[in-house]
Amino acid sequence: MSTTRRRTKAPRTAPALHPNRAVDAEVRRAWGRLSAEIRACRRCPLGDLRTHAVVYRGGLAPRVVFVGEAPGAEEDRTGVPFVGRSGRELDRAVATLGLSDEDFGVLNTLKCRPPGNRFDPSAARTCRPYLDRQLELLHPEVVVTLGARALAAIDPTALPMLSAAGRPRAHGGITLFPLIHPAAALRSRRLRERWERDVRVLDQWLAERLA
Ligand code: URA
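In this text the structure is predicted, and so the values were computed from the model without any measurement.

Each value, and the rule that gives it
Residues numbered from 1 in each chain as written. Predicted model: local features only at pLDDT ≥ 70, side-chain atom pairs only at ≥ 80, totals over all residues. Heavy atoms only, no water. Helix = DSSP H or I, 4+ residues; strand = E, 2+ residues; numbered from the N terminus. Pairing = 2+ DSSP bridges. Contact = heavy atoms within 4.5 Å. Axes fitted to C-alpha atoms, helices over the stretch in contact; angles between N-to-C directions. Parallel < 35°, antiparallel > 145°, perpendicular 65-115°, else oblique. Left-handed = near helix turned anticlockwise from the far one by under 90°. Nonpolar A, V, L, I, M, F, W, Y, C, P; charged D, E, K, R; others polar.

With that settled, the discussion passes to unusual backbone geometry. Outside of glycine, negative phi angles account for most residues, and trans bonds account for most peptide bonds. The backbone phi angle of Phe82 is positive, close to 55 degrees, even though this residue is not glycine. Tracing the sequence through the fold places Phe82 in the loop between helix H3 (73-78) and helix H4 (85-97). Not every positive phi belongs to a glycine, and His139 is a case in point at roughly 45 degrees.

If you want it as structure tokens, here you go:
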């Protein structure tokens, strides 16, 4: 399969089966407060270097939340996660999953762009409470980590990336579904094949949950 050629599916929505479909007004308010807090954050040095803190894009009652690593230049400029090349790769994969715009969300482990796009583990520790609070409010059926750093941020004891990818499991009250980072799919044919294979496994997993 090529995610670039595969036909986009009709949205796979199942309002009756979605426990969170109606977003509670209190959740909406809490989300607004949390987003404002992240945008004003200066808890680590990255806060002084950013153009925009990058909070989230997606619905407030998503079935699937994708967790990336850190904003890049395009994300820092726009304040929106995954809008560059790897974002386009991610969006192609999401289209093959048939999720509506409300059914998924995208965020990052780090909310501010690190210099030179070098992931900053110390900043990730400082940022971690934001990630936890975002996931708690969004309460998705599955958290899909993108790349080794996002996986390690949520589960430091996880298997190495290529052993963990494509294998859903329970972790700390959430279902975790690790994928390699979409940027990896742009780097080599072997990793593209792995990315596409694991996206198909996710597709199947979501289909079984709705069956
Ligand atoms: N853009 C993001 O927002 N996150 C990543 O991990 C990569 C690119």
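Back to the text.
Sheets are built from strands that pair by backbone hydrogen bonding, the pairs being arranged parallel or antiparallel. With respect to topology, six strands assemble into an open sheet ordered S1-S3-S2-S4-S6-S5, the strand pairing being mixed. Edge positions in the open sheet fall to strand S1 (57-58) and strand S5 (169-171), since each of these has one partner strand only. By the bridge criterion, four bridges tie strand S4 (residues 142-146) to strand S6 (residues 174-179) in an arrangement that is parallel. When the sheet's bridge partners are listed, Val144 is paired in S6 with Phe177. Packing against the sheet, helix H9 (residues 189-210) makes contact with strand S2 (64-68), S4 and S6, and its axis sits at approximately 155 degrees to S6.

Another point: the packing of helix H1 (residues 25-39) against helix H5 (residues 121-138). Two elements in contact, H1 and H5, have axes whose closest approach is 10 Å; the angle formed by their N-to-C orientations is 160 degrees. With respect to H5, the element H1 is oriented roughly antiparallel. For the pair H1 and H5, the sense of crossing is left-handed. In this structure, H1 contributes Val27, Ala30, Trp31, Leu34, Glu37 and Ile38 to the contact, and H5 contributes Tyr130, Arg133, Gln134, Leu137 and Leu138. Looking at side-chain class alone, the contact of H1 with H5 contains eight nonpolar, one polar and two charged residues.

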